[in-house]
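This is what each chain is made of:
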Amino acid sequence: MKTIVEHLAQYAAYHRNRKNVATHLIGIPMIVVGILTLLSRPVLPMEFLIITPASIAVFLSIIFYIRLDIPFGLLMTVLLWLALAAGRYFAAMPTELWLSWAIGLFVVGWVFQFIGHYFEGRKPAFVDDIMGLAVGPLFVVTEVVFMLGMRKELKADVERKLEQ
């Protein structure tokens, strides 16, 4: 399994333009909430638990992120739980509203992504490596953490890996 540095460096190679990164800060959260909204409608009620495809996807994502980096994995757990809560909120709406929110968030999020890649002059990372779809949300969170001046050693490691 690749390390967090390897995943982030590979993803960052497609995201060097600050305008592209900025569009991802908006687009990726919209896409995540849109997907979780779509996946929150089929419900398997169990005692004290609600199982949906969205909750399974979040659970598997959390395992992936925690295996890469425990602090970021825990942060991603909180953020994905919030996105799942939003998805469940939208999924509880009447069908037309549920689908409008889910598809709207998903499509507008991708519009932001493609505008960003227009500025970048490069195709999205997932075109070359499907794991880019899982790394994208982590990339957004790490970029914000790096902008706040935290995890400087990880940022330096990613930058060094990018130079190789």
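Residues numbered from 1 in each chain as written. Predicted model: local features only at pLDDT ≥ 70, side-chain atom pairs only at ≥ 80, totals over all residues. Heavy atoms only, no water.

1. Comments concerning the overall build of the protein chain
So, step 1. Summing up its helical and strand segments, the protein chain has seven helices and two strands in all.
So, step 2. Going from N to C terminus, the protein chain has its helices and strands arranged as α-α-β-β-α-α-α-α-α.
So, step 3. Taken against the 2.2 N^0.38 rule, which gives 15 Å for 164 residues, the C-alpha radius of gyration of the protein chain at 16 Å falls within 12% of a compact globule.
So, step 4. Relative to its 164 residues, the protein chain shows a buried fraction of 41%.
So, step 5. A separation of at least 24 residues holds for 76% of the contacts in the protein chain among residues at least 6 apart in sequence.
So, step 6. Total accessible area on the protein chain stands at roughly 9200 Å², and carbon and sulfur atoms take up 71% of it. (Helix = DSSP H or I, 4+ residues; strand = E, 2+ residues; numbered from the N terminus. Rg over C-alpha atoms; globule rule 2.2 N^0.38 Å. Buried < 20%, exposed > 50% of the residue type's maximum accessible area, 1.4 Å probe, protein only. Contact = heavy atoms within 4.5 Å. Areas by Shrake-Rupley, 256 points an atom, 1.4 Å probe, with all protein chains shown as cover.)

2. Quick notes on the packing of aromatic side chains
So, step 1. All told, the structure shown has seven aromatic pairs when counted by the stated rule.
So, step 2. Ring geometry for Phe106 against Trp110: centres 6.3 Å apart, planes inclined by 65 degrees, an arrangement best described as edge-to-face. You can see Phe106 and its partner Trp110 sitting in helix α5 (residues 95–120), four residues apart, about one turn around the helix.
So, step 3. The exposure class assigned to Phe106 is partly exposed, which follows from its relative accessible area of 32%. (Phe/Tyr/Trp six-rings, centres within 6.5 Å; stacked < 30°, edge-to-face > 60°.)

3. Topic: the UniProt feature "transmembrane region" (unreviewed entry) in the protein chain
So, step 1. Within this numbering scheme, the UniProt entry marks residues 21–39, 46–66, 72–91, 98–118 and 130–150 as carrying the feature "transmembrane region" (unreviewed entry).
So, step 2. Overall, residues 98–118 shows 100% helix and 0% strand. The separation of its end C-alpha atoms is 30 Å.
So, step 3. Secondary structure content for residues 130–150 is 76% helix and 0% strand, and the end C-alpha separation is 28 Å. (UniProt positions renumbered as here; feature names shortened; annotations may be inferred.)

4. Overview of the pattern of salt bridges
So, step 1. Tallied over the entire structure, the rule returns four salt bridges.
So, step 2. Between Glu159 and Arg16 there is a salt bridge whose closest N-O contact spans 3.2 Å. Placement of the pair is Glu159 in helix α7 (residues 152–163) and Arg16 in the loop between α1 (4–12) and α2 (18–39), with a sequence separation of 143 residues.
So, step 3. For Glu159, a relative accessible area of 29% gives the class partly exposed.
So, step 4. Of the residues examined, Arg16 reaches a relative accessible area of 43% and is grouped as partly exposed.
So, step 5. Its salt-bridge partner being Asp69, residue Arg151 comes within 2.8 Å of it at the nearest N-O pair. Of the two residues, Arg151 is situated in the loop between α6 (132–147) and α7 and Asp69 in the loop between α3 (53–68) and α4 (70–91); the sequence distance between them amounts to 82 residues.
So, step 6. According to the relative accessible area criterion, Arg151 is partly exposed, its value standing at 29%. (Salt bridge = Lys/Arg side-chain N within 4 Å of Asp/Glu carboxyl O.)

5. As for the environment of Ala22
So, step 1. Looking at where Ala22 falls in the secondary structure, it is placed in helix α2.
So, step 2. A residue is classified by how much of its surface remains accessible, and Ala22, at 35% relative accessible area, is partly exposed.
So, step 3. Note: C-alpha distance between Ala22 and Phe112 (90 residues apart in sequence) is 9.2 Å.

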